[in-house]
Amino acid sequence: MSKWNILKEFWDFLKVRKKWWLTPIVLVLLLLASLIVFTQGSALSPFVYTLF
């Protein structure tokens, strides 16, 4: 399964089940995950740790 299939299935799930409240939760989790990935080992790491 590719990433795009998973995204398509998730989108179909949201449309069919009317679970639109899940969208902001998933977006926040993706933003936090990308923040962790992109700041790992960079000069921004000390500043990110002070946020939490």
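That block above? That's the structure.
Residues numbered from 1 in each chain as written. Predicted model: local features only at pLDDT ≥ 70, side-chain atom pairs only at ≥ 80, totals over all residues. Heavy atoms only, no water.

J.: How should the packing of aromatic side chains be read in this particular structure?
T.: The relation between two aromatic rings is expressed through the spacing of the ring centres and the mutual angle of the planes. Summed over all chains, the structure comprises 1 aromatic pair. For the pair W11 and W20, a centre-to-centre distance of 5.6 Å together with 65° between the ring planes defines the contact as edge-to-face. Judged by relative accessible area, W20 falls into the partly exposed class, the value being 41%. (Phe/Tyr/Trp six-rings, centres within 6.5 Å; stacked < 30°, edge-to-face > 60°. Buried < 20%, exposed > 50% of the residue type's maximum accessible area, 1.4 Å probe, protein only.)

J.: I keep staring at the environment of F10 and nothing clicks. Help me out?
T.: Inspection of the secondary structure assignment puts F10 in helix α1 (residues 3-17). Owing to a relative accessible area of 29%, F10 belongs among the partly exposed residues under this scheme. With 13 residues separating them in the primary sequence, F10 and T23 have C-alpha atoms 9.9 Å apart. (Helix = DSSP H or I, 4+ residues; strand = E, 2+ residues; numbered from the N terminus.)

J.: Hey, could you run me through α1 in this one?
T.: Since the α-helix advances by 3.6 residues per turn, residues separated by three or four positions end up pointing in the same direction. Taking 1.5 Å of rise per residue, 15 residues should cover 21 Å, and α1 covers 21 Å from first to last C-alpha, within 8% of that figure. Taken from the residues just after α1, K18 is the one with a positive phi, measuring 55°. (Expected span 1.5 Å × (residues − 1).)

Any link to function would need more than the numbers given here.
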